[in-house]
Amino acid sequence: MKAIVRTSLLLCSSVYIATSLFGFFLFGDNTLDDILANFDGDLGVPYGSFLTDIVRVSYGIHLILVFPIVFYSLRLNIDGLMFPHAIPLAFDTQRFYLVTTVLMAFIFVGANFVPSIWDAFQFIGATAAISAGYIFPAAIALR
């Protein structure tokens, strides 16, 4: 799992850096707070639709690479909350498949009810900002 996490972090970081760097080069002072919002409309440059497609495909690849890492930790935490005194999840295949199936079904149903991916990004960004600014330092101080 360490090699997978390192590879995924390296690839996702390169996608973030490339998107922000080339987005700033492309938009200059007109860069919005969320760089991906700049790629919604017509860029007004030669090959603008091609550049927009490249950004969208690269962000899709980023989501594909990040999901297994987030899902792995989510599955372990949910299992720890629901079955605190059970044997480790790696040794109980029936519980592993049960937790995985329930989580995947919940994620699938939840994804179908989100009207726009931008709503999800805004919610996640706001939640992450509050967590990083207030909740995580307080949790570390309490620990």
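Shown above is the structure to which this text applies.
Note that the coordinates shown come from a computational prediction; the quantities given were computed from them, not determined experimentally.

Draft legend 1. Representation of the overall build of the protein chain. Looking only at helices and strands, the protein chain has four helices and zero strands in total. Ordered by position from the N terminus, the helices and strands of the protein chain form the series α-α-α-α. Across the protein chain, the fraction of contacts at a sequence separation of at least 24, relative to all contacts at a separation of at least 6, is 45%. For the protein chain, the accessible surface area stands at approximately 11000 Å², while carbon and sulfur atoms represent 72% of it.

Draft legend 2. Looking closely at the packing of aromatic side chains. Considering all chains together, one arrives at two aromatic pairs under this definition. On the numbers, 5.5 Å between centres and 20 degrees between planes, the contact of Phe-67 with Phe-71 is stacked. Remark: Phe-71 and Phe-67 occur in helix 2 (residues 48–82); sequence separation between them is four residues, near one turn of the helix. In this structure Phe-67 comes out as partly exposed when scored by relative accessible area, which is 36%. Ring plane angle 75 degrees and centroid distance 5.6 Å describe the contact between Phe-96 and Tyr-97, whose orientation is recorded as edge-to-face. Residue class for Phe-96 comes out partly exposed when judged on its relative accessible area of 27%. Accessibility expressed as a relative area gives 54% for Tyr-97, which makes it exposed.

Draft legend 3. Local environment of a nonpolar patch on the surface. Taken together, the side chains of Tyr-16, Ile-17, Leu-21, Phe-22, Phe-24 and Phe-25 present a nonpolar region at the surface, about 690 Å² in accessible area. Note that Phe-24 resides in helix 1 (residues 2–27).

Draft legend 4. Spotlight on the layout of surface pockets. Reported here for the second largest pocket is a volume of approximately 220 Å³. Forming the boundary of the second largest pocket are eleven residues, of which Ala-18, Thr-19, Phe-22, Ile-54 and Val-55 lie nearest the centre. Element by element, the count of residues in the lining of the second largest pocket is highest for helix 1, at six residues. Along the lines of polarity and charge, the residues of the lining of the second largest pocket split into eight nonpolar, three polar and no charged.

About the criteria used
Residues numbered from 1 in each chain as written. Predicted model: local features only at pLDDT ≥ 70, side-chain atom pairs only at ≥ 80, totals over all residues. Heavy atoms only, no water. Helix = DSSP H or I, 4+ residues; strand = E, 2+ residues; numbered from the N terminus. Contact = heavy atoms within 4.5 Å. Areas by Shrake-Rupley, 256 points an atom, 1.4 Å probe, with all protein chains shown as cover. Phe/Tyr/Trp six-rings, centres within 6.5 Å; stacked < 30°, edge-to-face > 60°. Buried < 20%, exposed > 50% of the residue type's maximum accessible area, 1.4 Å probe, protein only. Patch = residues over 30% accessible without salt bridge, like charges linked within 9 Å, V, L, I, M, F, W, Y side chains within 5 Å. Salt bridge = Lys/Arg side-chain N within 4 Å of Asp/Glu carboxyl O. 1 Å grid on protein atoms, 1.4 Å probe; cavity = no way out; pocket = protein on both sides within 12 Å on 5 of 7 lines; lining within 4 Å. Points joined across faces, edges and corners; volume = space filled by probe spheres on them. Nonpolar A, V, L, I, M, F, W, Y, C, P; charged D, E, K, R; others polar.

In short, shape yes, function no, at least from these values alone.
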